[in-house]
Amino acid sequence: MPPSVCLFRASFTQALIQHTDCEDGSNRPCRVSSRRSCKLRKEGIIRVGSLLPHTGIAGSRSRATRVSCAAGTEKIAGVKYDGRLAKVPSENIRNFSIIAHIDHGKSTLADTLLLETGTVEDRAMKEQFLDGMDLERERGITIKLQAARMTYTASNGETYVLNLIDTPGHVDFSYEVSRSLAACEGALLVVDASQGVEAQTLANVYLALENDLEIIPVLNKIDLPGADPDRVITEIEDVIGLDCSEAIMASAKQRIGVTEILEAICEKVPAPAASPIDEPLQALIYDSYYDPYRGVIVYFRVLTGSVKKGDKVKFMNTKFECDVIEVGVLSPAEVPQSVLYAGEVGYLHASIKSVKDARVGDTITQSKNPAQMALSGYKEASPMVFCGLYPTETDQYPALRDSLEKLQLSDAALQFEPEVSGAMGFGFRCGFLGLLHMEIVQERLEREYDLVRTRHSSSLLTLAHAGRRCGGSSTQRMSLLPRALVAVAGAAARSGCLSCHVRWSPLRG
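The notes below deal with the structure included here. (Residues numbered from 1 in each chain as written. Predicted model: local features only at pLDDT ≥ 70, side-chain atom pairs only at ≥ 80, totals over all residues. Heavy atoms only, no water.)

Considerations on the overall build of the chain
Quick reminder of the rule: Every helix listed is a DSSP run of H or I at least four residues long, and every strand listed is a run of E at least two residues long, numbered separately from the N terminus. In this scheme, a residue with accessible area under 20% of its type's maximum is buried, one over 50% is exposed, and one in between is partly exposed, where area comes from a 1.4 Å probe on protein chains only. Only heavy atoms enter the contact rule, under which two residues are in contact if any of them lie within 4.5 Å. The Shrake-Rupley method, run with a 1.4 Å probe, gives the accessible areas here. Residue values count only the displayed protein chains as cover.
Helix and strand counts for the chain come out as eleven helices and 29 strands. Buried positions account for 50% of the 509 residues belonging to the chain. A sequence separation of at least 24 residues applies to 69% of the contacts in the chain between residues at least 6 apart. About 24100 Å² of surface is accessible on the chain, with carbon and sulfur atoms providing 51% of the total.

Concerning the sheet that holds strand E9 (residues 146-153)
Threshold: Each pair of strands is called paired provided DSSP finds at least two bridges between the two strands. A fitted line through C-alpha atoms serves as each axis, taken over the contacting stretch for helices, and the angle formed by two N-to-C directions is quoted from 0 to 180°.
Read from one edge of the open sheet, six strands run E9-E10-E8-E11-E12-E13, paired in mixed fashion. Looking at the sheet topology across the chains shown, the edges are occupied by E9 and strand E13 (248-249). Where strand E11 (residues 186-192) lies against strand E12 (residues 214-220), seven bridges are found, and the strand directions are parallel. Residue pairing for E12: Leu 189 is matched across the bridge by Pro 217. On top of the sheet, helix H5 (residues 199-210) reaches strand E8 (93-100), E11 and E12; it is set at about 150° to E8, its chief contact.

Some details on the packing of aromatic side chains
Condition: Between rings of Phe, Tyr and Trp, where Trp is taken as its six-membered ring, a pair exists when centres lie within 6.5 Å; planes separated by under 30 degrees are stacked, by over 60 edge-to-face, and by other angles tilted.
Tallying each qualifying case throughout the model produces six aromatic pairs. Residues Tyr 289 and Tyr 299 carry aromatic rings whose centres are separated by 5.8 Å and whose planes lie at 65° to one another, so their mutual orientation is edge-to-face. Placement of Tyr 289 in strand E14 (residues 282-291) and of Tyr 299 in strand E15 (residues 295-304) is noted, with a sequence separation of ten residues between them.

Some words on the packing of helix H4 (residues 174-181) against H5
Threshold: When describing relative orientation, an angle under 35 degrees is termed roughly parallel and one over 145 degrees roughly antiparallel, while 65 to 115 degrees is termed roughly perpendicular and anything else oblique. A crossing counts as left-handed when the near helix is turned anticlockwise from the far one by less than a right angle, and as right-handed when that turn is clockwise. Only Asp, Glu, Lys and Arg are considered charged, only Ala, Val, Leu, Ile, Met, Phe, Trp, Tyr, Cys and Pro nonpolar, and every remaining residue, Gly among them, polar.
Closest axis-to-axis distance for the H4/H5 pair is 10 Å, and the angle between their directions is 30°. As judged from the angle between their axes, H4 and H5 are roughly parallel. Pair H4 / H5 crosses with right-handed handedness. For the pair H4 and H5, the contacting residues are Ser 174, Val 177, Ser 178 and Leu 181 in the first and Gln 200, Asn 204, Leu 207 and Ala 208 in the second. Residues belonging to the contact of H4 with H5 are distributed by class as follows: four nonpolar, four polar and no charged.

Points about the pattern of salt bridges
Operational definition: A pairing counts as a salt bridge when a side-chain nitrogen of Lys or Arg comes within 4 Å of a carboxyl oxygen of Asp or Glu.
Scanning the model with the defined rule gives 21 salt bridges in all. Among the ionic pairs, Glu 121 bridges to Arg 123, the shortest N-O distance being 2.6 Å. The class of Glu 121 is buried, set by a relative accessible area of 17%. A salt bridge links Arg 139 to Glu 439; the shortest N-O distance between them is 2.7 Å. Taken as a pair, Arg 139 in helix H3 (residues 134-139) and Glu 439 in helix H9 (residues 435-448) lie far apart in primary sequence, 300 residues in all.

Looking at the sheet that holds strand E20 (residues 334-337)
The eight strands are arranged E18-E17-E23-E14-E15-E22-E19-E20 in an open sheet whose pairing can be described as antiparallel. Of all the strands in the sheet, the pair left with one neighbour each is strand E18 (320-323) and E20. The mean angle between the axes of side-by-side strands here comes to 40°, regardless of whether they run parallel or antiparallel. Its contacts with the sheet put helix H8 (residues 397-410) on E14 and E15, and the angle it makes with E14 is roughly 140°.

Focus: the state of the cysteines
As a reminder of what qualifies: Only a pair of cysteine sulfur atoms within 2.5 Å qualifies as a disulfide here.
Taken as a whole, this structure holds zero disulfides when the rule is applied. Between Cys 387, a cysteine without a disulfide, and Cys 430, which holds the nearest cysteine sulfur, the sulfur-to-sulfur distance is 6.5 Å.

Section: the nonpolar core
Worth spelling out the cut-off: Take the buried Ala, Val, Leu, Ile, Met, Phe, Trp, Tyr and Cys residues and link them wherever side-chain atoms come within 4.5 Å; each set so joined is a nonpolar core.
Counting residues in hydrophobic clusters, the biggest one holds 33 residues, and the most contacted among them are Phe 96, Ile 98, Leu 113, Leu 162, Leu 188 and Ile 261. Going through the elements one at a time, E8, helix H2 (106-116), E9, strand E10 (159-166), E11, E12 and helix H7 (258-268) are the ones with two or more residues in this core. If near-sequence neighbours (up to four positions away) are discounted, Leu 113 is found in contact with Phe 96, Ile 98, Met 150, Leu 188, Val 258, Ile 261 and Leu 262. Grouped together as the second largest cluster of nonpolar side chains are 23 residues, Val 296, Cys 322, Ile 352 and Leu 409 included.

Some thoughts on the environment of Val 298
Within the secondary structure, Val 298 sits in strand E15. Distance in space between the C-alpha atoms of Val 298 and His 349 is 6.8 Å, their sequence separation being 51 residues. With sequence-adjacent residues up to four places away left out, Val 298 is seen in contact with Ile 285, Asp 287, Ser 288, Phe 315, Gly 346, Tyr 347, Leu 348, Ile 352, Ala 358 and Ile 364.

Here we look at the pairing of strand E19 (residues 326-330)
In terms of burial, E19 is largely enclosed, as four of its five residues are buried. Pairing of E19 with strand E22 (residues 345-352) involves three bridges; the strand directions are antiparallel. From the neighbouring strand, Glu 326 faces E22, where its bridge partner is His 349. One ladder, built from four bridges, connects E19 with E20; its direction is antiparallel.

Describing the pairing of E18
Across four bridges, strand E17 (residues 312-315) lies against E18 in antiparallel orientation. Along E18, the bridge assignment pairs Lys 312 with Asp 323. Hairpin connection of E17 to E18: four residues between the antiparallel strands, including Lys 319 at a positive phi of 65°.

Description of the environment of Ile 285
Relative to the assigned elements, Ile 285 resides in strand E14. Look at Ile 285 and you get buried, because its relative accessible area is 0%. Ile 285 sits 60 residues away from Val 345 along the chain, and the two C-alpha atoms are 9.9 Å apart. In this structure, Ile 285 is in contact with Val 298, Tyr 299, Phe 300, Phe 315, Arg 359, Val 360, Gly 361, Asp 362, Ile 364 and Tyr 378, ignoring residues within four places of it in sequence.

Structural notes on unusual backbone geometry
A cis amide bond links Ser 331 to the next residue, Pro 332, at an omega of -20°. Within the secondary structure, Pro 332 sits in the loop between E19 and E20. Despite not being glycine, Lys 221 has its phi angle at roughly 65°, a positive value. Here Ser 351, not a glycine, exhibits a phi torsion of approximately 55°, which is positive. Here Ser 351 lies in strand E22.

Below is the structure:
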């Protein structure tokens, strides 16, 4: 059994500690003074910050804080604790992702898993908990992949560490999905029980199959009046070819079937490959971001070896070396740890100042005992929409360049190169995966990097097409484009761009 969960309620003179293992051996609530509770914390009898769920003390206005009894030896066989997080053997680690079409309840299911495992308290929970950007909440979509570490005790009595990676569902952010799947061994395929298989459902399944992942089908929103699970199961088997005889019926909003999902993850998702501790470190960078105070923060998955604070590591593609200042896991906030072993997912802080030194897809290894070869990394994204971005003021060009470099850290699908326009001056030619991707990048440049609205070039959009370049006048060329694209181009022109036209160009390579 895990350490019993307690509640410490601070007051001026006394603290009420409610738990099942009091010092006198009874199960009744114990009342001790505040001074005594501080002494117990120092001696290890009470530890603040347990991850286990609690119920709370009703009828009190004073603030309640979770604590756990940790007297004596550990009560979970084979489980150690690093700070407030459980450390388990590699065979009890499960790395999985959630894939789905947009608006099939993927983020809601992630929120429910966080609540069910006690990773996030009920009072701290909010919708789209893992979506950290205001832009994601405003639009109701997931733009960035997010990771979270959960601890779950299964029905067999074993304690598992579940590393969840929540992925976007829109096709314009499919590169985020492919990067997250490369760091997992399994995936939850969430399908709306009323809408069935849709375009991105099929695309994400193929990405998971390419990475040889164990796929667990989950039919979500079965509580809706229009839900037809039998039809959707038949659709999945006919269109995708997955066996749905053990598909899980769930409703993330009503918390139906969540326990079955957790049990299926522990039972079906394979554990990461075991690796000796003395083996050379190989860690794959799947995401990163720039912090103005700490520099580049790298998110990675350890494949072989281990990494700890104070190690001197090397990025094999850029040849950059640095000393590790901090390593930890995402639970879902950054929690420092003493060491990370093979199979674990975490972050690394090493005061990396240049954004060019740590790129997504690079391999981290030890400087003293380096790996023989780097990991294969990720395939480079192929932009489908191109746009020229120019600052409204010429002195903002360096700021725009720095902002694009920092944004490229967390959005590896973004590509850009300098270009010069006779009408607009110096700017950048940017490549995107779609129209929504282009719009999101511009919004992030304005919100996160305090840039004023940038101007578009006269050729706002360049669409890749598998045919030959169309001839004729601009009016004839526009007539060959789909009506939706003509409407988008016209709306962009009316929104304040200097001029706007769409041109058709063939694919290269």
